[in-house]
Each structure stands twice: as C-alpha cells, then as structure tokens.
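Tertiary structure, described
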Amino acid sequence: MPLSLGLCLGLAACGSKPVQPDWKSNASGSLKSFSQAYLKGDSGAAESEFTRARVEMASTGRPDLVAHAELYRCATRVASLEYDDCPGFLALAQDATVNERAYANYLAGHWQGLDAALLPEQHRAIVQGKGGIGAIADPLSQLVAAGVLMKAGRMSPADIHVATETASLQGWRRPLLMWLGVALKRASEAGDSAQAARLQRRIDLALLTK
C-alpha cells in the first residue's frame, strides 16, 4: 500500500474483531483490484473497481473515507508517472485526516514545511533525503516514492533501474513502460546505442501484451 495508514484504516477487518460490515471488505477488495488493474494497464476494469469502492465508502456518509480512496487513486497514478493535482482528493481535503493531507502534499511535491513524521513510515526517508527507493519493501510504495522523486527531479540512475525492475517483477505493464521510456531516453542521450536497443526490445515486448 502507498498509504501505511493502511487498508486497515477502517477498510478491512484487522485482528480478531467482530464481523465487519460488508462495505468495508467490499471497498478493500475493490481498491486492491483497482490498483492491480490500473498498474497492469487495464483502464476499463480499473475505473469500474474504483467506482465500486467509492460507492461502498460513500454509503457511510463519511467524506474522510472517500478522500482516502481518492488519495489512493492519486498515489497509484504517481506510481505510473502520471501526475495531476488529485482533484478528487482536493474536493474532500477539508474532511481528510492531517496525515492524508500531508501525504497529498508529498505526492504533489509540496515538501517545504512538510512534517515527515505525518507520512507513512516508508516515505519519511525519501523526504528527508536519507535513502533510495530500494529500501522500501512494498512494491507499490516503492514505485510511488519513485514517481515522487521523478517529479521532484531527484531520481538517480540507480533508482530508475530499481523502479524499472520492480515494475517488471510485478508484471505491472503501465509503470514498466513509463520507466523503460525514462531509461531509454537516458541511454539515447548518453549515446549508448546498445543499451537503447535492449530497452527498446523490452518496450516492444511489453506492448505486444496490451
């Protein structure tokens, strides 16, 4: 999860507690299905799953839950190097938690004055400049951090390689194609024709599965 506020933050049963309302497990499952479909490049299925999750959470009348879902969608897009101002979250930001507002600022690259302690633990070192993305165990969180660093112009060649191979290992075509494109551009600009050719072959292969 990009948000270690977790799918546990009221979206799924955690531990040995009484049976949770159906909307929680439904929303949790749909959000997970959304991210998997989106990262694999299936936009239609992703949109359907996200809409289903949003409807389940909206049924509670709690805008903070819907704000979480919108932020999750925004983070998934950042993991694929797709940036916007997260309008779905902004419309609900006044009802979001302070942690979620901090995370939204992190995704947007608004780091000045940002209290890193409010962020999910795996993202704090990124803001503080104390480590690369390879130290982040969760694949989606790692790619979110990579997307944030790319937007901020702080992405190192080593981290580009890590992000590319993480997307490849997970079979996440959408971010894989984006990161291969980044690596291809760098290789071309460096005049490394052999590496550029290898990267282009990987891109061509990934495109064949679309």
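Residues numbered from 1 in each chain as written. Predicted model: local features only at pLDDT ≥ 70, side-chain atom pairs only at ≥ 80, totals over all residues. Heavy atoms only, no water.

1. Observations concerning the overall build of the chain
Broken down by element type, the chain carries 10 helices and zero strands. Secondary structure elements of the chain occur, N-terminal to C-terminal, as α-α-α-α-α-α-α-α-α-α. For the chain, the residues scored as buried account for 43% of the 210 residues in total. When the accessible surface of the chain is totalled, it reaches about 10,200 Å², and 53% of it is carbon and sulfur. (Helix = DSSP H or I, 4+ residues; strand = E, 2+ residues; numbered from the N terminus. Buried < 20%, exposed > 50% of the residue type's maximum accessible area, 1.4 Å probe, protein only. Areas by Shrake-Rupley, 256 points an atom, 1.4 Å probe, with all protein chains shown as cover.)

2. Focus: the packing of aromatic side chains
For the structure shown, the criterion picks out five aromatic pairs. Seen from their ring centres, Phe34 and Tyr38 are 5.9 Å apart, and the 40° between their planes marks the pair as tilted. In this pair, Phe34 and Tyr38 both sit in helix α1 (residues 22–40), four residues apart, roughly one turn of the helix. Of the two residues, Phe34 and Tyr38, both sit in the buried class. Grouped by ring-pair contacts, the aromatic residues Phe34, Tyr38, Phe50 and Tyr72 constitute a single cluster. Residue placement shows Arg174 over the ring face of Tyr38; its charged tip is 3.9 Å from the ring centre. (Phe/Tyr/Trp six-rings, centres within 6.5 Å; stacked < 30°, edge-to-face > 60°. Lys NZ or Arg CZ within 6 Å of the ring centre and 35° of its normal.)

3. Concerning the packing of helix α7 (residues 139–151) against helix α9 (residues 173–189)
Closest axis-to-axis distance for the α7/α9 pair is 13 Å, and the angle between their directions is 40°. By the angle class used here, α7 and α9 are oblique. Of the two elements, α7 crosses α9, and the hand of that crossing is left-handed. Only Pro175, Trp179 and Val182 of α9 make contact with α7, whose side of the interface consists of Leu143, Ala146, Gly147 and Met150. (Axes fitted to C-alpha atoms, helices over the stretch in contact; angles between N-to-C directions. Parallel < 35°, antiparallel > 145°, perpendicular 65-115°, else oblique. Left-handed = near helix turned anticlockwise from the far one by under 90°. Contact = heavy atoms within 4.5 Å.)

4. Considering α9
Counting along an α-helix, one turn takes 3.6 residues, and residues three or four places apart therefore face a common direction. With 17 residues, α9 extends 24 Å between its outermost C-alpha atoms, agreeing within 8% with the 24 Å of an ideal straight helix rising 1.5 Å per residue. When α9 is considered as a whole, its buried residues turn out to be Arg174, Pro175, Leu176, Leu177, Trp179, Leu180, Val182, Ala183, Leu184 and Ala187. Where α9 is buried, its residues touch α1, α2 (43–58), α3 (63–79), α7, α8 (157–170) and α10 (193–208). Directly after α9, the chain includes Gly191, whose backbone phi takes a positive value near 75°. (Expected span 1.5 Å × (residues − 1).)

5. Some remarks on the side chain of Gln142
Position of Gln142 relative to the elements: it lies in helix α7. Setting aside residues up to four positions removed in sequence, Gln142 forms contacts with Ile133, Gly134, Ile136, Val162 and Thr166.

6. Concerning α2
Along its 16 residues, α2 runs 22 Å from first to last C-alpha, staying within 8% of the 22 Å computed at 1.5 Å per residue. Taken together, the buried positions of α2 are occupied by Ala46, Glu49, Phe50, Ala53 and Met57. In an axial view of α2, the angular spread of the buried residues amounts to 100°, which keeps them on one side of the axis. Considering only its buried residues, α2 is in contact with α1 and α3. (Arc of directions from axis to C-beta.)

7. A word on unusual backbone geometry
Here the phi dihedral of Leu81 falls at roughly 60°; this positive angle occurs in a residue that is not glycine. Tracing the backbone through its elements, the reader meets Leu81 in the loop between α3 and α4 (87–90). Judged by its relative accessible area of 11%, Leu81 falls in the buried class. Even without a glycine there, the phi angle at Cys86 is positive, about 55°.

8. With respect to the packing of α1 against α2
Where α1 contacts α2, the two axes come as close as 8 Å, and the packing angle between them is 155°. Of the possible angle classes, the one that applies to α1 and α2 is roughly antiparallel. For α1 against α2, the interelement crossing comes out left-handed. From α1, Trp23, Asn26, Ala27, Ser30, Leu31, Ser33, Phe34, Ala37 and Tyr38 reach across to α2, where they touch Ala45, Ala46, Glu49, Phe50, Arg52, Ala53, Glu56 and Met57.

9. Observations concerning the pattern of salt bridges
Going through the model one piece at a time under the given rule, you end up with nine salt bridges. The partner of Arg174 in a salt bridge is Glu82, with the nearest N and O atoms 3.7 Å apart. Of this pair, Arg174 sits in helix α9 while Glu82 sits in the loop between α3 and α4; the two residues are 92 residues apart in sequence, bridging distant segments of the chain. Where Glu165 meets Arg202, a salt bridge forms, and the shortest distance between an N and an O atom there is 2.8 Å. Taken together, the residues span a long stretch of sequence, with Glu165 in helix α8 and Arg202 in helix α10 at a distance of 37 residues. Classification of Glu165 as partly exposed rests on a relative accessible area of 29%. Residue Arg202 is classed as partly exposed on the basis of its relative accessible area of 30%. (Salt bridge = Lys/Arg side-chain N within 4 Å of Asp/Glu carboxyl O.)

Everything listed here is a matter of geometry and, on its own, says nothing about what the molecule does.
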